[in-house]
Amino acid sequence: MEHKGIRYRFTSAPWQYAGKGGWHFASLPADMSKEIRANLQSSEEGWGRLKAVAKVGNTAWKTAIWFSGKTKTYLLPLKADIRKLEQIETGKQITVEIWV
């Protein structure tokens, strides 16, 4: 998979949204989110969405990160198939690479 854009690397402990659907997310660090928003906010689509390519372990996929006004950070959704492939568990630190 082709990786275009600016590369970022971070660690995060995935968490599960308590509301309907129970999505799992990895939160980007606050300083990284601030930098991305300062440079790329004009590229955001609806609801603070930025297209991205993400990679955890050996698995890369096309996705998007979403800006949370509540936490002032971007959130990377982690689909069930990705969590299963890379054995991602809630609360257990993972290393993520993204290109935006």
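Anything mentioned here points back to the structure above.
Everything quoted here is computed from the prediction, not taken from an experiment.

### Some points on the packing of aromatic side chains
Stage number 1. Enumeration over the complete set of coordinates arrives at two aromatic pairs.
Stage number 2. Over the aromatic face of phenylalanine 67 sits the side chain of arginine 37, whose NZ or CZ is 3.8 Å from the ring centroid.

### Points about the sheet that holds strand S4 (residues 49–56)
Within a sheet, each strand pairs with its neighbour through backbone hydrogen bonds, oriented either parallel or antiparallel.
Stage number 1. Within the open sheet, the seven strands sit side by side as S1-S7-S4-S5-S6-S3-S2. Their pairing is antiparallel. Looking at the sheet topology across the chains shown, the edges are occupied by strand S1 (7–12) and strand S2 (15–16).
Stage number 2. Where strand S3 (residues 24–27) meets strand S6 (residues 73–77), three bridges bridge the pair, whose relative direction is antiparallel. In the strand pairing of S6, serine 27 is matched with leucine 75.

### As for the pattern of salt bridges
Stage number 1. Summed over all chains, the structure comprises four salt bridges.
Stage number 2. Here arginine 37 ties to glutamate 44 by a salt bridge, and the two come within 2.8 Å at their closest N and O atoms.
Stage number 3. The salt bridge partner of glutamate 45 is lysine 51, with a shortest N-O separation of 3.7 Å.
Stage number 4. What makes glutamate 45 partly exposed here is its relative accessible area of 36%.

### Focus on the pairing of S1
Stage number 1. Of the two faces of S1, the one lined by Tyr8, Phe10 and Ser12 is fully buried and the one lined by Arg7, Arg9 and Thr11 carries no buried residue.
Stage number 2. Of the strand pairs in this sheet, S1 and strand S7 (residues 94–99) are connected by six bridges, and their pairing is antiparallel. Bridging from a neighbouring strand, arginine 9 pairs with glutamate 97 of S7.

### Structural notes on the nonpolar core
Stage number 1. The biggest cluster of nonpolar side chains holds 23 residues, and the ones touching the most others in it are Leu28, Ile36, Ile65, Leu76, Ile98 and Val100.
Stage number 2. Of all elements in the fold, only S1, helix H1 (30–40), S4, strand S5 (59–68), S6 and S7 reach the threshold of two or more residues within this core.
Stage number 3. With four residues, the single largest contributor to this core is S4.
Stage number 4. Setting aside residues no more than four positions away along its own chain, isoleucine 36 makes contact with Tyr8, Leu28, Gln41, Leu50, Tyr74, Ile98 and Val100.

Definitions and limits used
- Residues numbered from 1 in each chain as written.
- Predicted model: local features only at pLDDT ≥ 70, side-chain atom pairs only at ≥ 80, totals over all residues.
- Heavy atoms only, no water.
- Phe/Tyr/Trp six-rings, centres within 6.5 Å; stacked < 30°, edge-to-face > 60°.
- Lys NZ or Arg CZ within 6 Å of the ring centre and 35° of its normal.
- Pairing = 2+ DSSP bridges.
- Helix = DSSP H or I, 4+ residues; strand = E, 2+ residues; numbered from the N terminus.
- Salt bridge = Lys/Arg side-chain N within 4 Å of Asp/Glu carboxyl O.
- Buried < 20%, exposed > 50% of the residue type's maximum accessible area, 1.4 Å probe, protein only.
- Core = buried A, V, L, I, M, F, W, Y, C linked by side-chain atoms within 4.5 Å.
- Contact = heavy atoms within 4.5 Å.

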